[in-house]
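# Commentary on secondary and tertiary structure
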Amino acid sequence: MKSSLYNLEKLLSFRRDLHKHAEGSFNEFRTSAKIIEYLLELGIKEDQIRKVASTGLVVDIKGTAPPSGKPYCIAIRADMDALPIKEQNPEIDYASITDYAHMCGHDTHVTCLLGGAAKVLEKLDQIPSDKCLRLLFQPAEEDEGGAFPMLQEGVMEGVDEVYGMHNWPFDLPGKVYVKPGYMMACITHIDIKIHGKGGKASQLEGVIDPIQPAIDIQKGLKEIVQEFKDKGYYFTVSLPLIRGSDDPEFVADTCNLGGYLRAFDVECIVGIKKRIQDLVESSCRNYNCKVDCFMQTTYPAVNNTEKETENFIKIAKKVVGEENVVDTHLPVLGAEDFSFFQKAAPGVFFFCSSSRKPTDVLHTNCFNPHDDYIPIACEIHYRVVENRFGLEFK
């Protein structure tokens, strides 16, 4: 009797090991090595694995059945980096021992993709040789953005559809959150540097205080927010960073403001950026200050294609039940560089509920997604492959 490659107990052990040895963006060397080790144990050959973007991996899995005459390739992506946070989960024996922690659950994402792949590998003899499942293990989602350098190395060449998953503590395990269209926001970094003329607080003659225009910018930003909310746009923009003098006896030469715009609609993004630019320039001009204002979009919006999403919803309903595939809470104002993969092929990004308790929040120092969501995500990955290859696995 053929032994099962899908082993949930082994997957959970693997997940705990990654969690305990969390690594940051583009430094996931041990993580990458452990993934390779697991893949080889599943029977993947070394020549099927390609290293990309420093620590990323691309793995092609092709069927062994006669070709169908209709070549098709789908990609499924899992991010693998941790956050620069000290974990505060003393009750678990696999808490991170490094200066990083998987407080966004990327250790579970890797585990789910390996689990789904294991299920697919058990059915290779039913998959035509011209059908390909491409696994994308991506570094640096949290920081510098590992998707774009992976694209530059050709990981999406020949891919017809792409899928990605993120755990999300909306609810206990068992729900899938997905919809066509926008899932996550486009993110624009705002960096403002106001140049005045510093001096002693006791001798203000000739001093040009850069804090004054900064105050006006903060006030004016509130008016911009209200203006665009009145137009019906869903977004958030703020400048929570403000840095001037670090000495109460001196006025600084410069003042820095920083923050983010998170939005979906192009018209909203363009409009708010223009209003911010005008506000910054006029506020600084009023106080004879010069200014450098940079607004750079780092991640595009995650935008699910309609045809693929409607089909995915049918797949997910078969796994978790019709009532458990929902679009509540969507879209979210967080950002994800999975959006770069969607620029290269039609694709679907979805959330799996993962909370242990109602107060769970991503990126906090005690977040630990529930293990029970892992087999659900593994099964969804597996069923996506079955469906997109036009098969009914036996």
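The structure contained in this document is the topic of the report that follows. This one's a predicted model, so the numbers in the text were calculated from it and none came from an experiment.

### Observations concerning the overall build of the protein
For the protein, the helix and strand inventory stands at nine helices and 16 strands. Considering only C-alpha atoms, the protein reaches an extent of 90 × 45 × 40 Å along its principal axes. Within the span of the protein, comprising 394 residues, buried residues form 54% of the whole.

### Considerations on the packing of aromatic side chains
Scanning all chains against the criterion turns up 16 aromatic pairs. Here the aromatic rings of Phe 14 and Tyr 38 are separated by 5.1 Å at their centres, their planes lie at 65°, and the arrangement is edge-to-face. In this pair, Phe 14 is assigned in helix H1 (residues 8-20) and Tyr 38 in helix H2 (residues 29-41), connecting sequence segments 24 residues apart. Of the two residues, Phe 14 and Tyr 38, neither departs from the other in class, the shared state being buried. In this structure, Lys 119 is placed above the aromatic ring of Tyr 382, and the distance from its NZ or CZ to the ring centre is 5.5 Å. The ring centre of Phe 235 lies 4.7 Å from the NZ or CZ of Lys 229, which sits over that ring.

### A look at helix H3 (residues 106-121)
Here H3 is 16 residues long and its end C-alpha atoms lie 23 Å apart, about the 22 Å a rise of 1.5 Å per residue gives. The element H3 is largely enclosed, with a buried count of 16 among its 16 residues.

### Describing the environment of Asn 27
In this fold, Asn 27 is placed in the loop between H1 and H2. On the basis of relative accessibility, which here comes to 43%, the residue Asn 27 falls in the partly exposed class. The spacing of Asn 27 and Phe 367 is 340 residues in sequence and 22 Å in space, taken between C-alpha atoms.

### Section: the sheet that holds strand S16 (residues 347-353)
Across the sheet, eight strands lie side by side as S1-S2-S4-S3-S5-S16-S6-S15; this open sheet has mixed pairing. Taken across any chain shown, the strands that pair with only one partner, and hence form the sheet edges, are strand S1 (49-52) and strand S15 (325-326). The pairing of strand S5 (residues 161-168) with S16 spans seven bridges and is parallel. Each bridged residue has a counterpart across the sheet, and for Val 162 the counterpart in S16 is Gly 347.

### Remarks on the packing of H1 against H3
Direction vectors running N to C along H1 and H3 enclose 150°, while the axes themselves pass 9 Å from each other. Here H1 is positioned roughly antiparallel relative to H3, judged by the angle of their axes. H3 is crossed by H1, and the crossing has right-handed handedness. Taking contact as the criterion, the partners of Leu 11, Phe 14, Arg 15, Leu 18 and His 19 in H1 are, on H3, Asp 107, Thr 108, Val 110, Thr 111, Leu 114 and Gly 115. Tallied by class, residues from the contact of H1 with H3 come to five nonpolar, four polar and two charged.

### Section: the side chain of Ser 32
Along the chain, Ser 32 turns up in helix H2. At 3.1 Å, the side chain of Ser 32 and the backbone oxygen of Thr 55 are in polar contact. Ignoring sequence-local partners within four residues, the contact set of Ser 32 consists of Thr 55, Leu 57 and Met 80.

### A few points about unusual backbone geometry
With an omega dihedral of -5°, the bond running from Leu 330 to Pro 331 counts as a cis peptide bond. Mapped onto the elements of the fold, Pro 331 is located in the loop between S15 and helix H8 (338-344). Unlike most non-glycine residues, Ala 53 shows phi in positive territory, near 45°. With respect to the helices and strands, Ala 53 occurs in the loop between S1 and strand S2 (56-62). What makes Ala 53 buried here is its relative accessible area of 7%. At His 329, a position not held by glycine, the phi torsion is positive, near 75°. Relative to the helices and strands, His 329 resides in the loop between S15 and H8. Since its relative accessible area comes to 48%, His 329 is described here as partly exposed.

### Description of the sheet that holds strand S13 (residues 290-299)
Pairing is antiparallel in the open sheet, where four strands are placed in the order S10-S12-S8-S13. Each having just a single partner strand, strand S10 (235-243) and S13 make up the two edges of the open sheet. Across this sheet, the average inter-strand angle for adjacent strands is 15°, counted without regard to direction. In this structure, strand S8 (residues 186-195) lies alongside S13, joined through nine bridges in antiparallel fashion. Of the residues in S13, the one forming a bridge with Ile 190 is Met 295.

About the thresholds
- Residues numbered from 1 in each chain as written.
- Predicted model: local features only at pLDDT ≥ 70, side-chain atom pairs only at ≥ 80, totals over all residues.
- Heavy atoms only, no water.
- Helix = DSSP H or I, 4+ residues; strand = E, 2+ residues; numbered from the N terminus.
- Buried < 20%, exposed > 50% of the residue type's maximum accessible area, 1.4 Å probe, protein only.
- Phe/Tyr/Trp six-rings, centres within 6.5 Å; stacked < 30°, edge-to-face > 60°.
- Lys NZ or Arg CZ within 6 Å of the ring centre and 35° of its normal.
- Expected span 1.5 Å × (residues − 1).
- Pairing = 2+ DSSP bridges.
- Axes fitted to C-alpha atoms, helices over the stretch in contact; angles between N-to-C directions.
- Parallel < 35°, antiparallel > 145°, perpendicular 65-115°, else oblique.
- Left-handed = near helix turned anticlockwise from the far one by under 90°.
- Contact = heavy atoms within 4.5 Å.
- Nonpolar A, V, L, I, M, F, W, Y, C, P; charged D, E, K, R; others polar.
- Polar contact = N/O pair within 3.5 Å; in protein donor to acceptor, adjacent residues only side chain to side chain.

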